[in-house]
Amino acid sequence: MFMRIDHVGIACHDLEEKIAFFERTFDLTVVARETNEEQGVKEAMLHIADGEGGGSYIQLLEPLGPDTPVGKFLAKRGEGVHHVAFGVPDVAEAMREIGGRGVRVLDAEPRHGTLGSSIAFLHPKDMGGVLTELVQAPDTGDAAPGH
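Procedures and definitions
- Residues numbered from 1 in each chain as written.
- Predicted model: local features only at pLDDT ≥ 70, side-chain atom pairs only at ≥ 80, totals over all residues.
- Heavy atoms only, no water.
- UniProt positions renumbered as here; feature names shortened; annotations may be inferred.
- Helix = DSSP H or I, 4+ residues; strand = E, 2+ residues; numbered from the N terminus.
- Rg over C-alpha atoms; globule rule 2.2 N^0.38 Å.
- Buried < 20%, exposed > 50% of the residue type's maximum accessible area, 1.4 Å probe, protein only.
- Contact = heavy atoms within 4.5 Å.
- Areas by Shrake-Rupley, 256 points an atom, 1.4 Å probe, with all protein chains shown as cover.
- Lys, Arg positive; Asp, Glu negative; His and termini not counted.
- Charge placed at Lys NZ, Arg CZ, Asp CG, Glu CD.
- Pairing = 2+ DSSP bridges.

In the annotation of an unreviewed UniProt entry, the protein is listed under the name Methylmalonyl-CoA epimerase and assigned to Streptosporangium pseudovulgare. According to the UniProt record, the Sequence similarities (unreviewed entry) comment for the protein is "Belongs to the methylmalonyl-CoA epimerase family."

Pasting the structure below:
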């Protein structure tokens, strides 16, 4: 079902500062930036590498305000890993299969993610304390940068 780790989402207070750090420290390149009003974040996707199942990324997330999910995460836990995302060929099918195995799916249906991807989240209490995202690339069925 999982094709690869699509990205690791990292919550931060200052997106530009963290982008500069990842570019300077790891020679990563920003391949996409987006403001997602629905999810209350400004985000940047930094490319790590390409593999057989597609690319892998670091996703930096800055909240648009303190009452957003990432804003609340930062207030409670501080900066750090927010979620792990797995590439899947069909997010709706993955939601059905995983939900049928007793894991709570937080989304009733797939929603918009970065670069036109389709995404859904799994409840962290059912995933060992890790917020988990499923990502399907637009049109191709392959995984691509998500969230």
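More follows now that the structure is in view.
A. Quick look at the overall build of the protein. Helices and strands together make up the secondary structure of the protein, namely 3 helices and 8 strands. Scanning the protein from its N terminus toward the C terminus, one meets helices and strands in the order β-α-β-β-β-α-β-α-β-β-β. Here the C-alpha atoms of the protein give a radius of gyration of 14 Å, agreeing with the 15 Å that 2.2 N^0.38 yields for 147 residues. When its C-alpha atoms are laid out on the principal axes, the protein stretches across 40 × 35 × 25 Å. Out of the 147 residues belonging to the protein, those deemed buried represent 47%. The contacts in the protein between residues at least 6 apart in sequence include a share of 58% that link residues at least 24 apart. Element-wise, carbon and sulfur atoms account for 52% of the exposed surface of the protein, whose accessible area totals about 7400 Å². Side chains of the protein give 13 positive and 24 negative charges; the mean places of these two sets differ by 8 Å.

B. Layout of the pairing of strand β5 (residues 80-87). Counting buried positions along β5 gives 6 out of 8 residues, so the element sits mostly inside the fold. Pairing of β5 with strand β8 (residues 132-136), which is carried by 4 bridges, proceeds in the parallel orientation. Bridge pairing in β8 places Gly87 opposite Val135.

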